[in-house]
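Results of the structural survey
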Amino acid sequence: MKIEKRVGIWMDHANAHVIELAPEMKTLHVHSAFTQTVKEDSLGKSEHIMHNKEHHQHLDYYKRLGEIIQHYDSVLLFGPTDAKRELHNLLADDAHFANIKIVVQSADKMTEHQEIAYVRDFFEKALK
């Protein structure tokens, strides 16, 4: 019997904390290249350039997360912003993710220990 690979990802538009459920919990941090400094520099040129740069850098951020997600069977996306839904919508349109169970939940800002507990609790309840 194949062991299901599960991961939880707390995310907002700037950062993602990838929490792999394994015998030892592993956390990986992924950051968006669209920072406040980049926003201010782009906005100084024009609002159109700023929005274009933001869009492309968010797509790159979501692509990097997608590359991580494709190695799992079950994924929990959670966090305080719409970033989790934006990522879910992109993945739902990609056939590579058709066999991956992805759940999206709203959650507040948390400490790393709270994020780990949240992911562990979610998957324990899902197994019952």
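The residue count restarts for each chain, going from 1 along the sequence in the order it is written. For a predicted model such as this one, the threshold for reporting local features is a pLDDT of at least 70, and the threshold for listing and counting side-chain atom pairs is 80 or more; totals across whole chains, interfaces and linings nevertheless cover every residue. Processing note: side-chain calculations cover all non-hydrogen atoms of the structure and skip hydrogens and water entirely.

All right, on to helix α3 (residues 83-92) then. In an α-helix, one turn spans 3.6 residues; hence positions three or four apart end up facing the same way. We call a residue buried when its accessible area falls under 20% of the maximum for its residue type, exposed when it is over 50%, and partly exposed in between, using a 1.4 Å probe and counting protein chains only. What counts as a helix is a DSSP run of H or I of at least four residues, what counts as a strand is a run of E of at least two, and both are numbered from the N terminus. Those residues of α3 lying buried are A83, K84, L87 and L91. Each buried residue of α3 sits inside an arc of 100° when the element is viewed along its axis, so together they form one side. Summarising the geometry, the arc corresponds to the directions from the helix axis toward the C-beta atoms.

The next thing to look at is the confidence of the model for the protein chain. Scored between 0 and 100, pLDDT is the confidence that the predictor attaches to each residue. With 78% of its residues at a pLDDT of 70 or more, the protein chain shows a mean pLDDT of 84. Helix α1 (residues 36-45) is the least confidently modelled element of the protein chain, averaging 54 in pLDDT, while strand β4 (residues 74-79) averages 97, the highest of any element.

Next up on the list: the pairing of strand β1 (residues 6-11). Most of β1 sits out of view: 6 of its 6 residues are buried. The two faces of β1 match: R6, G8 and W10 on one face and V7, I9 and M11 on the other face are all buried. DSSP calls a pair of strands paired once it identifies at least 2 bridges connecting them. As paired elements, β1 and strand β2 (residues 15-21) share 6 bridges and run antiparallel to each other. By the bridge assignment for β2, R6 is matched with L21.

The nonpolar side chains of a soluble globular protein tend to be buried, and buried together. Definition of nonpolar core: a set of buried residues of the types Ala, Val, Leu, Ile, Met, Phe, Trp, Tyr and Cys, connected through side-chain atoms within 4.5 Å. Core analysis: the largest hydrophobic core is formed by 20 residues, its most contacted members being I9, M11, L65, I69, V75, L77 and L87. If you list the elements that add at least two residues to this core, you get β1, β2, α2 (47-69), β4 and α3. Ranked by residue count, the leading element in this core is α2, at 5 residues. Beyond its immediate chain neighbours, meaning those up to four positions away, I69 contacts I9, V75, L77, L87, L91, F97 and I100. In this analysis, two residues are considered to be in contact whenever any of their non-hydrogen atoms come within 4.5 Å of each other.

By definition, the strands of a sheet pair up through backbone hydrogen bonds, in either a parallel or an antiparallel sense. What the 5 strands build is an open sheet, ordered β3-β2-β1-β4-β5; its pairing is mixed. Looking at the sheet topology across the chains shown, the edges are occupied by β3 (26-31) and β5 (101-106). Geometrically, the sheet is characterised by an average inter-axis angle of 20° between neighbouring strands, direction not taken into account. Here β4 pairs with β5 via 6 bridges, running parallel. Bridging from a neighbouring strand, G79 pairs with S106 of β5. To get an axis, fit a line to the C-alpha atoms, keeping to the stretch in contact for a helix; angles then go from 0 to 180 degrees between the N-to-C directions. Running over the sheet, α3 touches β1, β4 and β5 and is turned about 160° from β5.

This part is about the pattern of salt bridges. What counts as a salt bridge is simple: a side-chain nitrogen of Lys or Arg found within 4 Å of a carboxyl oxygen of Asp or Glu. All chains considered together, the criterion is met by 1 salt bridge. D60 serves as the salt-bridge partner of R64, at 3.4 Å between the closest nitrogen and oxygen. Here D60 and R64 lie together in helix α2, a separation of 4 residues that amounts to about one turn. Take D60: its relative accessible area is 37%, and that puts it in the partly exposed class.

With respect to the secondary-structure elements, D12 resides in the loop between β1 and β2. Positive charges are assigned to Lys and Arg, negative charges to Asp and Glu, while His and the chain termini are left out of the count. The side chain of D12 sits in the buried core without any salt bridge; K109 is the nearest counter-charge, 5.2 Å away. Definition of a polar contact: a pair of N or O atoms within 3.5 Å, with one able to donate and the other able to accept a hydrogen when the atoms are protein atoms, and with sequence-neighbouring residues admitted only if both atoms are side-chain atoms. One polar contact links the side chain of D12 to the main-chain amide nitrogen of A14, over a distance of 2.9 Å. Beyond its immediate sequence surroundings of up to four residues, D12 is in contact with Y61, T81 and A83.

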